[in-house]
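The lines below spell out each chain.
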Amino acid sequence: MAKTKGKKGAASRKMAKIIVAQKKENGHYSFKQKVVPLDNVQDELSAAKK
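Residues numbered from 1 in each chain as written. Predicted model: local features only at pLDDT ≥ 70, side-chain atom pairs only at ≥ 80, totals over all residues. Heavy atoms only, no water.

**Some details on the overall build of the protein**
A tally of regular secondary structure across the protein gives one helix and two strands. Secondary structure elements of the protein, listed N to C terminal, follow the sequence β-β-α. In the protein, which comprises 50 residues, the share counted as buried stands at 10%. Pairs at least 24 residues apart make up 15% of the contacts formed inside the protein by residues separated by at least 6 positions. For the protein, the accessible surface area stands at approximately 5,200 Å², while carbon and sulfur atoms represent 52% of it. (Helix = DSSP H or I, 4+ residues; strand = E, 2+ residues; numbered from the N terminus. Buried < 20%, exposed > 50% of the residue type's maximum accessible area, 1.4 Å probe, protein only. Contact = heavy atoms within 4.5 Å. Areas by Shrake-Rupley, 256 points an atom, 1.4 Å probe, with all protein chains shown as cover.)

Spelled out as structure tokens, the structure:
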């Protein structure tokens, strides 16, 4: 089997899934999810709280 050349380390990059719940006027919740690099988790969380 031949090795394929691609971006080195792209598959091993650590990612985090952030799920944000928002309560609607009718009492139900809506959920949004986002996958971000592990280094950007704190920035995304602070942005989601606003």
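Once you've had a look at it, read on.
**Focus on the confidence of the model for the protein**
Across the protein, the average pLDDT comes to 84, with 78% of residues at 70 or higher. Across the protein, strand β2 (residues 29–37) holds the top mean pLDDT of 94, while helix α1 (residues 41–49) sits lowest at 88. (pLDDT = per-residue confidence, 0-100.)

**A short note on the pattern of salt bridges**
A full pass over the atoms with the stated rule returns one salt bridge. Across the pair Glu 44 and Lys 34 runs a salt bridge, and its minimum N-O distance is 3.0 Å. Linking Glu 44 in helix α1 with Lys 34 in strand β2, this pair joins segments that are ten residues apart in sequence. Relative accessible area serves as the criterion here: at 23%, Glu 44 is assigned to the partly exposed category. For Lys 34, a relative accessible area of 44% translates into the label partly exposed. (Salt bridge = Lys/Arg side-chain N within 4 Å of Asp/Glu carboxyl O.)

**Topic: the pairing of β2**
Both strand β1 (residues 15–23) and β2 contribute to a ladder of nine bridges, which runs antiparallel. Among the inter-strand pairings, Val 20 is bridged to a residue of β2, identified as Lys 32. Between β1 and β2, which pair antiparallel and follow one another directly, the connecting turn spans five residues, one of which, Gly 27, has a positive phi of 95 degrees. (Pairing = 2+ DSSP bridges.)

**Describing a nonpolar patch on the surface**
On the surface, Ile 19, Tyr 29 and Phe 31 cluster together into a nonpolar patch covering about 380 Å² of accessible area. Residue placement: Tyr 29 occurs in strand β2. Take Tyr 29: its relative accessible area is 48%, and that puts it in the partly exposed class. (Patch = residues over 30% accessible without salt bridge, like charges linked within 9 Å, V, L, I, M, F, W, Y side chains within 5 Å.)

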